Amino acid sequence: MVGYNLRPRQRNGLVSKQEYPPALESNNTPAKPSKESKPTMGELNRKVQTIIAKSSWWDRYGVDWCIILLSVCALLPIAVLLLRSDDWGPFLIGLALLGLIHSMFKTKISHLAAHGALCKSKGWNTIWQYLFIEFFGSFSAVSSMDIHLKVHHPYTNIVGLGDSAIWRVPFLPCFTYMFVAPLLLPPLTPVVAMGNLIVDKKFSAAVKCLIVVTCGLVANVWFIMWAGAMTCTKAIVCILVYRAPMEIPYIHVNIFQHIGLPMYSRENHPPRLQLMCNGALNLTRAPIINWFFGHSLVDCHVEHHLFPTLSDNMCAKVKPVVKEYILGHGLAYQEEDYWDRLKLFVKKYKELMVNAPPITEFIGIQ
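Residues numbered from 1 in each chain as written. Predicted model: local features only at pLDDT ≥ 70, side-chain atom pairs only at ≥ 80, totals over all residues. Heavy atoms only, no water.

Engineer: Would you mind going over the overall build of the protein with me for this structure?
Structural biologist: Across its full length, the protein carries 16 helices and 6 strands. Counting every position in the protein, which comprises 366 residues, the buried fraction comes to 52%. Restricting the contact set of the protein to residue pairs at least 6 apart, pairs at least 24 apart contribute 73%. As displayed, the protein offers around 17,500 Å² of accessible surface, 66% of which is attributable to carbon and sulfur atoms. (Helix = DSSP H or I, 4+ residues; strand = E, 2+ residues; numbered from the N terminus. Buried < 20%, exposed > 50% of the residue type's maximum accessible area, 1.4 Å probe, protein only. Contact = heavy atoms within 4.5 Å. Areas by Shrake-Rupley, 256 points an atom, 1.4 Å probe, with all protein chains shown as cover.)

If you want it as structure tokens, here you go:
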């Protein structure tokens, strides 16, 4: 039988009372393990590569570009039109539409660009990284690579590395952290980006980032001044206002999908397949977030961690095969409703976001 021998590990002289935090509960109960063979990343990879080989350019990249272009072409003209309204209602709707477009640029497209999943060309993916992460997203492309690709993915749920501790702010109370603090991210994002580069002594990258981010913000201010026929000051306020709301689900997505799941030490953790099955979670019933953030960040996050270079559409395409393989071998397939996850984090905020996570000790596979 394929399975895990896991036991709570002592931390600061105390022993966790449970193997998994309550958040590990899944809507998908593992099926009886396959008797044929032990699950391996190599075997699953062969199944997925077969699907990729049979997929067209449209499946690999076209669908996602179509979603991006369709969203921008459909929402941007309406948003510009509403910004010129003298009534508060239409004006605020226009700002909300701009916020959705910006969240797609900053989150979905930037994430795909960081993973080289927007096109086959490495050169073009580099251009997309600087365009969407720095110019539109006001963050550092270099820091994104360092934090996300070099730490979070290779060391998912490894304490002290990819344990999502970067998202913890223990001194903030629950309501403030979950619903108020994210609204401050727009003005803080470029400051944090520059701070990271300076601390890491990447001064050349810091100068480049400052130039590109500044150009992006100036272009954004000019566009809003033109679209809404308003002053520079009002345009800056509008930018801060429309960028803020989608930062709330952005924070939620980042903490819901890893925090509360088993955490391991660097010296003692399962193989990659089992680590990702235990340490990543898909969020369901969030269609708007899924559209503007992308499958890989929302309802196909497990698949994304197993195959990080796949586009959003390809993650969705291989999901049935990945899910069947994982459940068929008796492994955990984490999938939970966004709203159930939100209620759990509000209810157990101190346990999940303030206290140090218990370390799950991996004994082996039987």
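Engineer: Help me understand the nonpolar core, please; the structure alone is not making it clear to me.
Structural biologist: Burial of nonpolar side chains together is a common tendency in soluble globular proteins. Core analysis: the biggest nonpolar cluster contains 61 residues, and Met 178 and Ile 224 have the highest contact counts within it. Once residues within four sequence positions are removed from consideration, Ile 224 is found in contact with Leu 83, Leu 98, Ala 229, Met 230, Ala 235, Cys 238, Ile 239 and Tyr 242. In this structure, Ile 51, Cys 300, Val 302 and Leu 310 belong to the second largest nonpolar core, which totals 26 residues. (Core = buried A, V, L, I, M, F, W, Y, C linked by side-chain atoms within 4.5 Å.)

Engineer: Where do I start with the side chain of Asp 163 in this structure?
Structural biologist: Summarising the element assignment, Asp 163 is placed in the loop between helix H5 (141-152) and helix H6 (174-180). Despite its burial, Asp 163 pairs with no opposite charge; the closest candidate is Arg 168, at 6.0 Å N-O. At 3.1 Å, the side chain of Asp 163 and the backbone nitrogen of Ala 165 are in polar contact. Residue contacts for Asp 163: discarding those within four places in its chain leaves Tyr 155, Asn 157, Ile 158, Ile 259 and Met 263. (Lys, Arg positive; Asp, Glu negative; His and termini not counted. Salt bridge = Lys/Arg side-chain N within 4 Å of Asp/Glu carboxyl O. Polar contact = N/O pair within 3.5 Å; in protein donor to acceptor, adjacent residues only side chain to side chain.)

Engineer: Is there a simple way to explain a nonpolar patch on the surface in this structure?
Structural biologist: Nonpolar side chains collect at one region of the surface, where Leu 184, Leu 188 and Val 192 lie side by side and expose about 260 Å² of accessible area between them. Along the polypeptide, Leu 184 turns up in the loop between H6 and helix H7 (185-199). (Patch = residues over 30% accessible without salt bridge, like charges linked within 9 Å, V, L, I, M, F, W, Y side chains within 5 Å.)

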